[in-house]
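Here's the letter readout for the chains.
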Amino acid sequence: ELWAYQAGKVVQDTLITSGRPALPTDVGAMKVLWKQSPWKMHSPWPRSSPYWYPDTLVQKVVWFTVTGEGLHDASWEPTSLYGPGGQFTSSASHGCVHVQASAENFLYGWAQVGTPVIVYPGDGSAVADQMRRVSVDANGVPFTGPKGA
């Protein structure tokens, strides 16, 4: 789930789909690095990879890592797959956060470069356990290998 706050009040609350287990969304405190509209997603994996995907156009992206993770619309994902468990479906992302188009339209207009983005597992585990899973620095640079949009 995504919550956007302004002056301590929720201004957007929407279900999302995060990265699949093999390509999870990075965890940690980051910030909006840049925005792009529209954006053609291009697979960083070779066609022979199980993670390869064809070039795909999305309408809006709010980027929060330097390696291609961001909040973006996903017209191919059925609304019913957003929310808990969405990361285990065939529509799950390769590290990005899929947001339904209406929420993405709001976020794209609302979030400015530098707006904090905090991603945490939200799986009910102890805070200390979640903090051990931080995988990116505050500048959106993952500690390990490349991801991909």
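As a reminder, the structure under discussion sits directly above these lines.
Residues numbered from 1 in each chain as written. Predicted model: local features only at pLDDT ≥ 70, side-chain atom pairs only at ≥ 80, totals over all residues. Heavy atoms only, no water.

A. Representation of the overall build of the protein within the structure. Across its full length, the protein holds 2 helices and 11 strands. Along the chain direction, N to C, the helices and strands of the protein fall in the order β-β-β-β-β-β-β-β-β-β-α-β-α. Taken over C-alpha atoms, the radius of gyration comes to 14 Å for the protein, in line with the 15 Å a tight globule of 149 residues would show. Along the three orthogonal principal directions, the C-alpha set of the protein runs to about 45 × 30 × 30 Å. Counting all 149 residues of the protein, 42% fall into the buried class. Long-range contacts, defined here as pairs at least 24 residues apart, represent 68% of the contacts in the protein between residues at least 6 apart. When the 10 basic and 11 acidic side-chain charges of the protein are each reduced to a single mean position, those positions are 4 Å apart. (Helix = DSSP H or I, 4+ residues; strand = E, 2+ residues; numbered from the N terminus. Rg over C-alpha atoms; globule rule 2.2 N^0.38 Å. Buried < 20%, exposed > 50% of the residue type's maximum accessible area, 1.4 Å probe, protein only. Contact = heavy atoms within 4.5 Å. Lys, Arg positive; Asp, Glu negative; His and termini not counted. Charge placed at Lys NZ, Arg CZ, Asp CG, Glu CD.)

B. Quick look at unusual backbone geometry. Each neighbour pair has its own omega, and for Ser37 with Pro38 the value is -15°, a cis peptide bond. Mapped onto the fold, Pro38 is located in the loop between β5 (34-36) and β6 (39-41). Of note, the phi angle at Ala7 is positive, near 50°, even though the residue is not glycine. Within the secondary structure, Ala7 sits in the loop between β1 (2-6) and β2 (9-14).

C. Representation of the environment of Pro21 in the model. Within the element layout of this structure, Pro21 appears in the loop between β3 (16-17) and β4 (28-31). When the C-alpha atoms of Pro21 and Gly95 are compared, they prove to be 9.2 Å apart, with 74 residues separating the residues in sequence. If we skip the residues at most four places from it in the chain, Pro21 touches Gln87 and Phe88.

D. The arrangement of the pairing of β1 in detail. Relative to β2, β1 runs antiparallel, the two being bridged by 5 bridges. Its bridge partner lying in β2, Leu2 is registered against Thr14. (Pairing = 2+ DSSP bridges.)

E. Inspection of the sheet that holds strand β10 (residues 97-99) at higher detail. One open sheet holds the 5 strands; their spatial order is β3-β10-β9-β8-β5, and the pairing between them is mixed. Every interior strand has two partners, whereas the edge strands, β3 and β5, have only one. One ladder, built from 2 bridges, connects strand β9 (residues 70-72) with β10; its direction is parallel. Looking across to β10, one finds that Leu71 is bridged to Val97.

F. Structural context of the packing of aromatic side chains. Throughout the structure, instances matching the rule amount to 4 aromatic pairs. Pairing Trp39 with Trp63 gives two aromatic rings, centres 5.2 Å apart and planes at 75°, and the pair type is edge-to-face. Of this pair, Trp39 sits in strand β6 while Trp63 sits in strand β8 (residues 61-63); the two residues are 24 residues apart in sequence, bridging distant segments of the chain. Put simply, the rings of Trp34, Trp39 and Trp63 pair up and form one aromatic cluster. Directly above the ring of Tyr108 sits Lys35, whose terminal nitrogen or CZ lies 4.9 Å from the centroid. Sitting over the ring of Tyr108, Lys60 keeps its end group 5.9 Å from the ring centre. (Phe/Tyr/Trp six-rings, centres within 6.5 Å; stacked < 30°, edge-to-face > 60°. Lys NZ or Arg CZ within 6 Å of the ring centre and 35° of its normal.)

G. Expanded view of the side chain of Thr115. Its location among the elements puts Thr115 in the loop between α1 (101-110) and β11 (116-119). Since its relative accessible area comes to 18%, Thr115 is described here as buried.

H. Highlighting α1. Restricting attention to buried positions, one finds in α1 the residues Ala103, Glu104, Leu107 and Tyr108. Axial view of α1: buried residues confined to an arc of 135°, hence all on one face. Of the exposed residues in α1, the ones pointing more than 90 degrees away from its buried face are Ser102 and Gly109. (Arc of directions from axis to C-beta.)

In short, shape yes, function no, at least from these values alone.
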